[in-house]
Amino acid sequence: MRRVGVPLLAAVPVAIAAGVFFLSPSDSTESESEAPAATSRSEQRSDDDKTLASLPAGLAAPAKKELAQQLVASAENSTLDWRTAYAYVEDIGDGQGYTAGIIGFCTGTHDLLTLVERYTKDHPDNGLARYLPALRKVDGSDSHEGLDPGFTAAWKAEAKVEAFREAQDAERDRVYFDPAVRLAKLDGLGALGQFIYYDAMVFHGPGTNATSFYGLRESAMKKADLPSEGGSEKAYLSAFLDVREAAMRTRSADIDTSRVDTAQRRFLREGKLALETPLTWAVYGETYQVS
């Protein structure tokens, strides 16, 4: 997606919060000092899993998840029909190369490369496999070297294949939706807060620097207590949106922040903490409704 932060490869989430750990080859053999830490992380995740099992489905409920995709699509593709975006691909001039698919995977931010690599592992004869060397070369840049002129046509053609559409869904969930919803639940947030985390994860990337998702969360926690720690849900979400909007403006002072201002803040003002319908919001001057 239109990431403000660092490429996904370098965007290592906070380990306990995300429940994901990245190991280098040297980590394959734990030292005596590392073993207790690994055990502690495993125990923490087990405790978190038990907590999550006792909570409502929230944004992960099928109807709410569908709504979440509609909300994101209104901001990213100016439509509520998010499934039309499987074949979407273009360079929008944001310095991240080609943006493509249902969640705006980018050739410059590693997630598009990961998607194609994982898809090719299961479907080696797909129409995008031949672009893997070029995708690896341009990763982390806005370059089209080795991709033009055929990559966009190949993407659109592959998007007609059900297996590739399923691969996009799976990668969206693995990298963005599932980690965002999991952490939001542990933070004591309802469906609205879970969506706010998800949309921020999509837009800013799951990095730890000041303008990426985990950095935004750390900044918000300095301004307001988490609901899971006794804080007000509305106060915390307001603080998070303040921090997020400021991060968006680091890209451009006149950036359109309506996906926050006239959508998420509107839901918060209306007390839609469970993201209950009907919902009305506006993005880039266009009004949307879900009844």
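Residues numbered from 1 in each chain as written. Predicted model: local features only at pLDDT ≥ 70, side-chain atom pairs only at ≥ 80, totals over all residues. Heavy atoms only, no water.

Novice: Explain helix α4 (residues 111–122) to me, using residue names and the numbers behind them.
Specialist: With 12 residues, α4 extends 17 Å between its outermost C-alpha atoms, agreeing within 8% with the 16 Å of an ideal straight helix rising 1.5 Å per residue. By the burial criterion, the buried members of α4 are Asp 111, Leu 112, Leu 113, Thr 114, Leu 115, Val 116, Tyr 119 and Thr 120. (Helix = DSSP H or I, 4+ residues; strand = E, 2+ residues; numbered from the N terminus. Expected span 1.5 Å × (residues − 1). Buried < 20%, exposed > 50% of the residue type's maximum accessible area, 1.4 Å probe, protein only.)

Novice: I'd love a proper account of the pattern of salt bridges, names of residues and values included.
Specialist: Applying the stated criterion across every chain, the model contains 19 salt bridges. In this structure, the salt-bridge partner of Glu 245 is Arg 265, at a minimum N-O distance of 3.3 Å. Placement of the pair is Glu 245 in helix α10 (residues 233–249) and Arg 265 in helix α11 (residues 258–269), with a sequence separation of 20 residues. Classification of Glu 245 as buried rests on a relative accessible area of 12%. (Salt bridge = Lys/Arg side-chain N within 4 Å of Asp/Glu carboxyl O.)

Novice: I'd like to hear about α10, residue by residue, with values.
Specialist: Here α10 is 17 residues long and its end C-alpha atoms lie 24 Å apart, about the 24 Å a rise of 1.5 Å per residue gives. Listed in full, the buried residues belonging to α10 are Glu 233, Tyr 236, Leu 237, Ala 239, Phe 240, Leu 241, Val 243, Arg 244, Glu 245, Ala 247 and Met 248. Those residues of α10 that are buried are in contact with α8 (191–204), α9 (213–223) and α11. Its side-chain oxygen at 3.4 Å from the backbone nitrogen of Lys 234, Ser 232 defines the N-terminal cap of α10. (Contact = heavy atoms within 4.5 Å. Polar contact = N/O pair within 3.5 Å; in protein donor to acceptor, adjacent residues only side chain to side chain.)

Novice: For a negative patch on the surface, give the residues involved together with the corresponding values.
Specialist: Residues Glu 90, Asp 91, Asp 142 and Asp 148 make up a contiguous surface patch of negative charge. The class for Asp 142 is partly exposed, based on a relative accessible area of 46%. (Patch = residues over 30% accessible without salt bridge, like charges linked within 9 Å, V, L, I, M, F, W, Y side chains within 5 Å. Areas by Shrake-Rupley, 256 points an atom, 1.4 Å probe, with all protein chains shown as cover. Lys, Arg positive; Asp, Glu negative; His and termini not counted. Charge placed at Lys NZ, Arg CZ, Asp CG, Glu CD.)

Novice: Go over the environment of Thr 79 with me, naming the residues and quoting the values.
Specialist: Counting through the fold element by element, Thr 79 comes out in the loop between α3 (62–76) and β1 (89–90). Once the C-alpha coordinates of Thr 79 and Tyr 288 are considered, the two residues, 209 residues apart in sequence, prove to be 8.6 Å apart. When residues no more than four places from it in sequence are discounted, the contact partners of Thr 79 are Gln 70, Ala 73, Ser 74, Thr 84 and Tyr 288.

Novice: Account for unusual backbone geometry, naming residues and giving values.
Specialist: Note: most residues except glycine have negative phi, and most peptide bonds are trans. Here the residue pair Asp 148 and Pro 149 is connected by a cis peptide bond, since its omega of 5° sits within 30 degrees of zero. Note that Pro 149 resides in the loop between α5 (132–138) and α6 (151–158). Here the residue pair Thr 277 and Pro 278 is connected by a cis peptide bond, since its omega of 5° sits within 30 degrees of zero. Here Pro 278 is to be found in the loop between α11 and β4 (279–283). The backbone of Ser 78 sits at a positive phi, close to 55°, despite the residue not being glycine. Within the secondary structure, Ser 78 sits in the loop between α3 and β1. Under the relative-accessibility criterion, Ser 78 is labelled partly exposed at 42%. Residues other than glycine seldom take positive phi values, yet Tyr 284 does so here, at roughly 55°. By relative accessible area, which is 39% here, Tyr 284 ends up partly exposed.

Novice: Can you lay out the sheet that holds strand β3 (residues 105–106) for me, pointing to particular residues and giving the numbers?
Specialist: To summarise the sheet geometry, strands pair through backbone hydrogen bonds and adopt either a parallel or an antiparallel arrangement. Strand order in the open sheet formed by three strands is β1-β2-β3, and the pairing between neighbours is antiparallel. Lying at the two open borders of the sheet, with one neighbouring strand each, are β1 and β3. Sheet analysis places strand β2 (residues 99–100) next to β3, joined by two bridges and oriented antiparallel. Bridging across to β3, Thr 99 finds its partner in Cys 106. (Pairing = 2+ DSSP bridges.)

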